[in-house]
Amino acid sequence: MSQADADLKIVWKGTNGQNFWAGRDGESAVAIVDHCMSKGADGTRATLESCANWFAKPKSEVSAHFGVGKDGRVWQFVDLRNTAWANGILEQPDLSLPWLAECVSRKINPNRRTISIEHEGDSNDTMPEAQYRATLALHRFLIATVGIKADRQHIVGHYQVTARQRANCPGAGFPWARLMSDLAASSFQDPVTGFAVNEPFASFWRDHGGLSVFGRPVSEAISGEKGFPECQSIQWFERARFELHPGGVIMLGLVGNEARKLFQMAI
Ligand SMILES: [Zn+2]
């Protein structure tokens, strides 16, 4: 199990079955939008608990996929297959982000194509270490299991979708530089195939021989739902298939068995 998985414990909370759309209207998640909770509906400072209560009230009409507490707790409110109501208002959107520009041109609600993460705290708060470790692990998990690209084009702030009303979300206290450098440091970008190996596969790949044993990555990490339902995600290499199983266990796919059957080899 990698360090990233050891740090990550996602607790399901839900929203009382409301404040989200079932499915993604044929779209899939391509980006993470980071938020800070700031003030609650009553004007007091929001907490992980008050956020959960608000998402579960019919009148709130807001939700996010995840909330990360200052103490490192990670709560999930909306299934990743569903559309949370976190960042649906396009207001001077950052059109340098190709996926967001496409939302504008195709008139797609950005919630359809994003995974939203709320962070307990105000926009100027310095993020405590426990909260940072948890959100780093959550970002790594989403990169590995959903195939989100680990760059600033695909890991964005709410202010890039809703520029005026949410100019301070997630705000000056959000550790963009550290987060992006930690995500980059743990990944391997193959210069030949152009594919990246991200955590938790990156540690496994490195620790067990890397390029000379497994060959180059020939795909991104792919959600297990697309053909490998027993896995959270898989990634293809020239000489192997990595599989992420529940509990953070990485196994090699039975590609020898599969190839032998495919080619009807008698030997
Ligand atoms: Zn926000």
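Residues numbered from 1 in each chain as written. Predicted model: local features only at pLDDT ≥ 70, side-chain atom pairs only at ≥ 80, totals over all residues. Heavy atoms only, no water.

What follows is about the overall build of the protein chain. Of regular secondary structure, the protein chain possesses eight helices and 14 strands. Over its C-alpha atoms the protein chain spans a radius of gyration of 19 Å, differing by no more than 12% from the 18 Å that the globule rule assigns to 267 residues. Taking the principal axes of the C-alpha coordinates as reference, the protein chain spans close to 70 × 40 × 35 Å. Of all intrachain contacts in the protein chain linking residues separated by at least 6 positions in sequence, the fraction that spans at least 24 positions is 63%. On the protein chain, roughly 12800 Å² of surface is accessible, and the fraction owed to carbon and sulfur atoms is 54%. Side-chain charges of the protein chain comprise 28 positive and 29 negative groups, with the mean position of each set lying 2 Å from the other. (Helix = DSSP H or I, 4+ residues; strand = E, 2+ residues; numbered from the N terminus. Rg over C-alpha atoms; globule rule 2.2 N^0.38 Å. Contact = heavy atoms within 4.5 Å. Areas by Shrake-Rupley, 256 points an atom, 1.4 Å probe, with all protein chains shown as cover. Lys, Arg positive; Asp, Glu negative; His and termini not counted. Charge placed at Lys NZ, Arg CZ, Asp CG, Glu CD.)

What follows deals with the sheet that holds strand E13 (residues 240–245). Reading across from one edge, E11-E12-E13-E14 is the order of the four strands in this open sheet, with antiparallel pairing throughout. Unpaired on one side and paired on the other, strand E11 (222–223) and strand E14 (249–252) mark the two borders of the sheet. (Pairing = 2+ DSSP bridges.)

The parts lose accessible area when they come together, and the size of an interface is often stated as this lost area. When cut into domains, the protein chain gives domain 1 (3–185) and domain 2 (188–262). Each of domain 1 and domain 2 has a C-alpha centre, and these two points are 27 Å apart. The contact between domain 1 and domain 2 buries some 940 Å² in all, and 54% of this surface belongs to carbon and sulfur atoms. At the junction of domain 1 and domain 2, the tally comes to zero salt bridges. In this assembly, domain 1 and domain 2 are joined by zero residue pairs in polar contact (both at pLDDT 80 or more). (Domains from an automatic or database assignment. Buried area = accessible area lost by both parts, 1.4 Å probe. Salt bridge = Lys/Arg side-chain N within 4 Å of Asp/Glu carboxyl O. Polar contact = N/O pair within 3.5 Å; in protein donor to acceptor, adjacent residues only side chain to side chain.)

Further remarks concern the coordination of the zinc ion. The coordination sphere of the zinc ion, as far as protein atoms go, consists of His-35 (ND1), His-158 (ND1) and Cys-169 (SG), spread over 2.0 to 2.3 Å. In primary-sequence terms, the residues that donate to the zinc ion follow H-x122-H-x10-C. Here the residue His-158 occupies a position in the loop between strand E8 (155–157) and helix H5 (176–185), and Cys-169 occupies one in the loop between E8 and H5, the gap between them amounting to eleven residues. Classification of His-158 as buried rests on a relative accessible area of 5%. Look at Cys-169 and you get buried, because its relative accessible area is 6%. (Donors = N, O, S within 2.8 Å, 3.2 Å for Na, K, Ca; no water. Buried < 20%, exposed > 50% of the residue type's maximum accessible area, 1.4 Å probe, protein only.)

As a further point, take the pairing of E13. Counting buried residues along E13, six of its six residues qualify, which places the element largely inside the surrounding structure. Of the two faces of E13, the one holding Ala-240, Phe-242 and Leu-244 and the one holding Arg-241, Glu-243 and His-245 are both buried throughout. In this structure, strand E12 (residues 233–237) lies alongside E13, joined through five bridges in antiparallel fashion. Pairing of Ile-234 across the sheet is with Glu-243, part of E13. Between E12 and E13, which pair antiparallel one after the other, the connecting turn spans two residues. Where E13 hands over to E14, the hairpin turn is made up of three residues, of which Gly-247 adopts a positive phi near 85°.

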